[in-house]
Amino acid sequence: MMDSRLSIISGLLPVGRSSARLLSSLSHLSPLSLSAPLSLSTPLHRRSLLSTRASPTMPKRRTPAEEEEAVRVSNAIDEELRREREILRRRRTKDVKVMLLGQAESGKSTLQKQFQLYYSSKTLDDERPSWRPIVYFNILKAVRMILDELDWQYGLGASGDLPTIPLAPSTSDTSGSGSHSGSSTRSQPNPSWFPELALLRNKLLPLVASEDALAAELSGGISVSGGRTGVYVRSGWQALISSNRAWPLSDNYRTTMTPRQSAVANIVATTLAASQDEIELLWWHPGVQSLLKGNKLRLEEYAAFFLANIRRIAQPDYLPSNEDILHVRLQTIGVTEHAFDINLGGTQYNWLLYDVGGARGQRHAWVPYFDDATAIIFLAPISAFDQYLEEDPRTNRIDDSLQLFTTICTNKLLSNAALVLMLNKTDLLKQKLQAGIKVRKFISSYGDRPNNYEEVSEYFRAHFIQVHRRKDISHRPLYLHFTSMLDIKATQSIIINVGEAIMRQHLTKIGLA
């Protein structure tokens, strides 16, 4: 078969050494490569091919007018491409990508809400109804923690009988945010408290029993490993629980929507309204206040605010205020992007603010966003000196913040990003120090320094500055602020200063400063 193909081709070639070399090289080709010459097997086909080769068709010569038109079209295409490149370049220079980093419960989400309140308050108004069931959940959790602590500290039983209270070691909650974490022994209460506390407990148990169901509804089917309970949300959670949403539903939630959406929240709202007297009596009861003052009952940071405002929140037409939204505790999973338009010198810039989950198991999700970050705002809660990580009860939260800040300073992908450090929750730090909690009890290196706010805050500031000086690979400036995210006026003043500093560095980086 191969020989016949070569003989056909040789009939078309002049005899000589070149022909021999060509035939030799063709002999190494596969049969598929030689499929085209098979069509030359008849003399008619050979003559047709030779005739075509002998009289090729010459392209028609264009007139000067056609040449001029072709040049004009080509130049127009080049100009359009140049214009698109310039638009893309300007768009990139107007995108300011800011990442909020820090451990869990450091205040990242609260800072994001402060940015939203200052730069895009209309979107916060649109979301306001969706925060209502979150506030309810925060109240349910606070009431349940109080009842758990009453059971532990006072031996309060469901029967309402006068309990006996033996002294016994406490099962310490090393996270510092849970119950029975402040003392190694149970408290010695006033026995006259028991009948009323037992009655309040029994009346509030049906309300507390709906906590897990409400958490499941708000989380949209999201579960967290380790058996932890609570509300865990991803981007787009507002759409899941808002009946009048004006924003698209995240893909994370499309498969978790059910017809029972908001059913549990409505039941909780009704039960909360019916139980507001009992909640208020429980919160202001001398037995509960005694535990709080003795540092034996540690509620989460939002609890006191919501419990003190229970009558306002329990109203049928309740709509969360700005302060309510700033106080809520909501655990973020993954990375959530928030966009804000910021005007600077008559030019509109698009701020892309990334709020990330801060738990150790979620920090790997940060890395893909590092590459082109304009700035990093790192939040370190210095009030957490007496708390430990939920994921690792042996690690003090201040130590974890310092280790995490070291990682940020040494990361090459972030070497060109502006660096802002916020030593956060100074209001809670002051409260703890005024309550007599000793820093040296939890951080031995603090030694015998005075246990006041000025000394403690300076001690923590010095440690973070030292990490920056020793570990920052790009030797960039550090913008440091003491903050309390719940102070709207002070925080928004800091937001303005931080925004200007970030924009100055951004404009310098792109060559427009």
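Residues numbered from 1 in each chain as written. Predicted model: local features only at pLDDT ≥ 70, side-chain atom pairs only at ≥ 80, totals over all residues. Heavy atoms only, no water.

1. So, the side chain of N138
Within the element layout of this structure, N138 appears in helix α7 (residues 132–154). Classification of N138 as buried rests on a relative accessible area of 1%. Filtering out sequence-adjacent residues up to four positions away, N138 remains in contact with Y302, F306, H327, V328 and R329. (Helix = DSSP H or I, 4+ residues; strand = E, 2+ residues; numbered from the N terminus. Buried < 20%, exposed > 50% of the residue type's maximum accessible area, 1.4 Å probe, protein only. Contact = heavy atoms within 4.5 Å.)

2. Observations concerning helix α13 (residues 276–284)
One full turn of an α-helix is made of 3.6 residues, so residues set three or four places apart face in the same direction. For α13, the set of buried residues is Q276, E278, I279, L282 and W283. Mapping the buried residues of α13 onto a view down its axis gives an arc of 160°, with all of them on the same face. Those residues of α13 that are buried lie in contact with α7, α8 (194–208), α12 (263–274), α14 (286–293), α15 (303–308) and α16 (310–313). (Arc of directions from axis to C-beta.)

3. Comments concerning the packing of aromatic side chains
This model, assessed by the stated rule, comprises 13 aromatic pairs. Taken together, the ring pairs connect F115, Y118, Y119, F340 and W351 into an aromatic cluster. Lying over the aromatic face of Y354, K97 brings its terminal NZ or CZ to 5.4 Å of the ring centre. (Phe/Tyr/Trp six-rings, centres within 6.5 Å; stacked < 30°, edge-to-face > 60°. Lys NZ or Arg CZ within 6 Å of the ring centre and 35° of its normal.)

4. Some remarks on unusual backbone geometry
Non-glycine residue E105 carries a positive phi angle of around 65°. Along the chain, the position of E105 falls in the loop between β1 (95–101) and α5 (108–119). Although it is not a glycine, K425 sits at a positive phi angle of roughly 65°. Inspection of the secondary structure assignment puts K425 in the loop between β7 (418–424) and α19 (426–434). On the accessibility criterion, K425 (10% relative accessible area) is buried.

5. So, the pairing of strand β5 (residues 347–356)
Successive side chains on a regular strand alternate, one facing one side of the sheet and the next facing the other. Within β5, seven of the ten residues are buried, which leaves it mostly tucked inside the rest of the structure. Pairing of β1 with β5, which is carried by six bridges, proceeds in the parallel orientation. Each bridged residue has a counterpart across the sheet, and for K97 the counterpart in β5 is L352. The sheet contact formed by strand β4 (residues 335–344) and β5 spans ten bridges and is antiparallel. Pairing of L344 across the sheet is with T347, part of β5. (Pairing = 2+ DSSP bridges.)

6. Some remarks on the pattern of salt bridges
When the charged atoms of two side chains with opposite charge come close together, those side chains can pair. For the structure on display, the rule yields 17 salt bridges. For E211, the salt bridge identified is with R144, shortest N-O distance 2.9 Å. Placement of the pair is E211 in helix α9 (residues 211–219) and R144 in helix α7, with a sequence separation of 67 residues. The class for E211 is buried, based on a relative accessible area of 6%. The partner of D151 in a salt bridge is R201, with the nearest N and O atoms 2.9 Å apart. Taken together, the residues D151 in helix α7 and R201 in helix α8 connect sequence positions 50 residues apart. Taken together, the shared-partner salt bridges connect R144, D148 and E211 into one network. (Salt bridge = Lys/Arg side-chain N within 4 Å of Asp/Glu carboxyl O.)

7. Topic: the sheet that holds strand β8 (residues 478–482)
Taken together, six strands build an open sheet; the order of strands is β4-β5-β1-β6-β7-β8 and the sheet is mixed. Looking along the sheet, the strands with just one partner apiece sit at the ends: β4 and β8. Adjacent strand axes in the sheet meet at a mean angle of 20°, parallel and antiparallel pairs treated alike. In this structure, β7 lies alongside β8, joined through five bridges in parallel fashion. By the bridge assignment for β8, V420 is matched with Y479. The sheet strands contacting helix α18 (residues 397–410) are β1, β6 (375–381), β7 and β8, and the helix crosses β6 at an angle near 165°. (Axes fitted to C-alpha atoms, helices over the stretch in contact; angles between N-to-C directions.)

8. Describing the nonpolar core
I139, L150 and L282 are the most contacted members of the largest nonpolar core, which has 51 residues in total. The set of elements that each furnish at least two residues to this core consists of α7, α8, α9, α12, α13, α14, α15 and α16. Excluding residues within four positions of it along the chain, L282 makes contact with V143, I146, L147, L150, L197, L200, L204 and V288. L101, L404, C409 and L429 belong to the second largest nonpolar core, which has 35 residues in total. (Core = buried A, V, L, I, M, F, W, Y, C linked by side-chain atoms within 4.5 Å.)

9. Topic: the packing of α7 against α12
Across the interface, α7 lies against α12 with an axial gap of 10 Å and an inter-helix angle of 55°. Our classification of the angle between α7 and α12 gives oblique. In terms of crossing hand, the pair formed by α7 and α12 is left-handed. On α12, the residues touching R132, P133, Y136, I139 and L140 of α7 are A265, V268, A269 and L272. Looking at the contact of α7 with α12 residue by residue, the classes come out as eight nonpolar, no polar and one charged. (Parallel < 35°, antiparallel > 145°, perpendicular 65-115°, else oblique. Left-handed = near helix turned anticlockwise from the far one by under 90°. Nonpolar A, V, L, I, M, F, W, Y, C, P; charged D, E, K, R; others polar.)

10. Quick look at the environment of M485
Among the secondary structure elements, M485 is positioned in the loop between β8 and α21 (488–509). What makes M485 buried here is its relative accessible area of 4%. In contact with M485, other than residues within four places in its own chain, are G107, T110, L111, Q114, L326, L379, M422, N424 and T491.

11. A word on the environment of R470
Within the element layout of this structure, R470 appears in helix α20 (residues 453–471). Through-space distance from the C-alpha of R470 to that of C409 is 9.2 Å; in sequence the pair is 61 residues apart.

12. Quick notes on a nonpolar patch on the surface
Residues V73, I77 and L81 make up a contiguous nonpolar surface patch of about 240 Å² in total accessible area. Within the fold, L81 resides in helix α4 (residues 64–94). (Patch = residues over 30% accessible without salt bridge, like charges linked within 9 Å, V, L, I, M, F, W, Y side chains within 5 Å. Areas by Shrake-Rupley, 256 points an atom, 1.4 Å probe, with all protein chains shown as cover.)

13. Digging into the packing of α8 against α13
At a minimum axis distance of 10 Å, the contact between α8 and α13 shows a crossing angle of 130°. Of the possible angle classes, the one that applies to α8 and α13 is oblique. Where α8 crosses over α13, the two elements pack in a sense that is left-handed. Side by side, α8 and α13 meet where L197, L200, K203, L204 and L207 of the first sit next to E278, I279, L281 and L282 of the second.

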